[in-house]
Amino acid sequence: MSTTTQATRARITPTAPLVATSMDELSVLPRRGVRIRRRSLFPQEPASWKIAVVAGSIVVAVFLAWELLADAGVIPVFFWSKPSLVWQSALTNATKGSMWSDTAYTFTSTILGFLIGVVGGSVIGLSFWWSRFYARTAEPLIIAVEAMPKLALAPMIVLALGIGIGSKIAMATALVIIIQILNTESAVRSIDRDLQTLLYSLGASRWQVFRKVIVPATLPSIIASFRVSIGLALTGAIVGEYIGSQQGLGKMIQFAAASFDISLIWVGVFTLAIMSFLLYLAVLVVQRLLLRLLHG
């Protein structure tokens, strides 16, 4: 037995911490020590049901505290309502009102704006690879549009396209497409230029490099931005409904605010929260499926 191994084993005693500073020390750790060390370096993901139970418990506790404090007079019901009144308003609006049609209206404009923005932004971002002059010229303009408050553009979009669903789709697209362009352009810039040079030296055409290298290399970044884009699409649709609309959850919230119906406002807010959460989960599932197919 070598002197190094003897010294290493001498340091690993029952009272010493199970911490390895090299591969040689890790190889002589007891199996239980290796498991403890690995668990400390790579903590396991918590079970989904545990996360759901904890999150659900927090939500129930918040609503219960809200109801009790409102009944006790600590929270003014006129300004904040309470969960029981919100639930009654939701049932009334779902059975006799227009909540389902408003939800479908907002959902449709969100999805269409998301799809148009993602596809259009990805195509424009990928097109920057073909010409550096075109990319350098367009980049400041895109950044300027991104820095511009979209709320300032909403009235012009509604006036140009009307109060129908077209203006809501346009607003959702406007919020998504710029972010998608910038993310795609950043992914294009990060591609190894030496690899492209190697393919050119082997006789590959520009179209072949674009199809075989550029597009596959940027797809993970494009897909990863879906989770951000879906939230922006929903925000754009709601902003468009606030400016001018005959339907939608944004219109419902605006009407409730004008009539001081606080319970109906909360119904619209909670419906939007649920829709946003479900859309996020759906996009997350699609993202994982696409990445799995992309990587074989």
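Residues numbered from 1 in each chain as written. Predicted model: local features only at pLDDT ≥ 70, side-chain atom pairs only at ≥ 80, totals over all residues. Heavy atoms only, no water.

Broken down by element type, the protein chain carries 15 helices and zero strands. Per-residue burial over the protein chain gives 34% buried out of 296 residues. For the protein chain, the share of sequence-separated contacts (at least 6 apart) that also reach a separation of at least 24 residues comes to 68%. Looking at the protein chain as shown, the accessible area adds up to about 18,000 Å², and 69% of this sits on carbon and sulfur atoms. (Helix = DSSP H or I, 4+ residues; strand = E, 2+ residues; numbered from the N terminus. Buried < 20%, exposed > 50% of the residue type's maximum accessible area, 1.4 Å probe, protein only. Contact = heavy atoms within 4.5 Å. Areas by Shrake-Rupley, 256 points an atom, 1.4 Å probe, with all protein chains shown as cover.)

Next up on the list: the confidence of the model for the protein chain. Residues with a pLDDT of 70 or more make up 85% of the protein chain, whose mean pLDDT is 84. Model confidence for the protein chain, summarised as mean pLDDT per element, is weakest for helix H1 (residues 3–11) at 48 and strongest for helix H7 (residues 99–127) at 94. Counted against residues more than four places away or in other chains, residues 4–23, with its pLDDT under 50, gives 22 contacts. (pLDDT = per-residue confidence, 0-100.)

Moving on, we get to the side chain of Ser245. Residue placement: Ser245 occurs in the loop between helix H13 (226–243) and helix H14 (249–258). Beyond its immediate chain neighbours, meaning those up to four positions away, Ser245 contacts Tyr105, Ile163, Lys168 and Lys251.

Moving on: the packing of aromatic side chains. Under the defined criterion, the tally for this structure stands at 13 aromatic pairs. Look at Phe63 and Phe270: their rings are 5.5 Å apart centre to centre, the planes differ by 65 degrees, and that puts the pair in the edge-to-face class. Of this pair, Phe63 sits in helix H4 (residues 48–71) while Phe270 is found in helix H15 (residues 262–294), placing the two residues 207 residues apart along the sequence. When the ring of Trp66 is compared with that of Trp266, the centres are 5.1 Å apart and the planes differ by 65 degrees; the resulting orientation is edge-to-face. With Trp66 in helix H4 and Trp266 in helix H15, this pair connects stretches of sequence that are 200 residues apart. Given a relative accessible area of 12%, Trp66 falls into the buried group. Residue Trp266 is classed as partly exposed on the basis of its relative accessible area of 21%. Ring pairs connect the aromatic residues Phe63, Trp66, Trp266 and Phe270, which therefore count as one cluster. It is Arg206 that lies over the ring of Trp129; its NZ or CZ is 4.3 Å from the centre. (Phe/Tyr/Trp six-rings, centres within 6.5 Å; stacked < 30°, edge-to-face > 60°. Lys NZ or Arg CZ within 6 Å of the ring centre and 35° of its normal.)

Turning our eyes to something else, we now look at the nonpolar core. Grouped together as the largest cluster of nonpolar side chains are 26 residues, with contacts concentrated most on Phe114, Phe226, Leu249, Val267 and Leu272. Going through the elements one at a time, helix H6 (83–95), H7, helix H10 (165–189), helix H12 (206–224), H13, H14 and H15 are the ones with two or more residues in this core. For this core, the element with the highest residue contribution is H15, accounting for six residues. Membership of the second largest hydrophobic core comes to eight residues, among which are Trp129, Val188, Phe210 and Val213. (Core = buried A, V, L, I, M, F, W, Y, C linked by side-chain atoms within 4.5 Å.)

Moving on: H12. Over its 19 residues, H12 extends 26 Å from the first C-alpha to the last, a length consistent with the 27 Å expected when each residue adds 1.5 Å. Of all the positions in H12, only Val209, Phe210, Val213, Ile214, Thr218, Ile222 and Ile223 are classed as buried. Looking at the packing, one finds that the buried side of H12 touches H7, H10, helix H11 (193–201), H13 and H15. (Expected span 1.5 Å × (residues − 1).)

We now examine the pattern of salt bridges. Considering all chains together, one arrives at four salt bridges under this definition. In this structure, Lys82 and Asp71 form a salt bridge, with 2.8 Å as the shortest nitrogen-oxygen distance. Here Lys82 is found in the loop between helix H5 (77–80) and H6, whereas its partner Asp71 is found in helix H4, with eleven residues between them in sequence. According to the relative accessible area criterion, Lys82 is buried, its value standing at 17%. For Asp71, a relative accessible area of 48% corresponds to the partly exposed category. A salt bridge links Glu185 to Arg189; the shortest N-O distance between them is 3.4 Å. In this pair, Glu185 and Arg189 are both assigned in helix H10, four residues apart and thus about one turn of the helix distant. The exposure class assigned to Glu185 is buried, which follows from its relative accessible area of 5%. Residues joined in a network through salt bridges with shared partners are Glu67, Asp71 and Lys82. (Salt bridge = Lys/Arg side-chain N within 4 Å of Asp/Glu carboxyl O.)

Attention shifts here to the layout of surface pockets. The space that makes up the largest pocket amounts to roughly 410 Å³. Taken together, the elements giving at least two residues each to the lining of the largest pocket come down to H6, H7 and H15. Counted by class, the lining of the largest pocket contains 14 nonpolar, two polar and no charged residues. Size it by volume and the second largest pocket reaches roughly 320 Å³. For the second largest pocket, the lining is made up of 15 residues, of which Trp129, Arg132, Val188, Arg193 and Gln196 are closest to its centre. Looking at the lining of the second largest pocket, the elements with two or more residues in it are helix H8 (132–147), H10 and H11. No other element matches H11, which puts four residues into the lining of the second largest pocket. Of the residues contributing to the lining of the second largest pocket, the split by class is seven nonpolar, three polar and five charged. (1 Å grid on protein atoms, 1.4 Å probe; cavity = no way out; pocket = protein on both sides within 12 Å on 5 of 7 lines; lining within 4 Å. Points joined across faces, edges and corners; volume = space filled by probe spheres on them. Nonpolar A, V, L, I, M, F, W, Y, C, P; charged D, E, K, R; others polar.)

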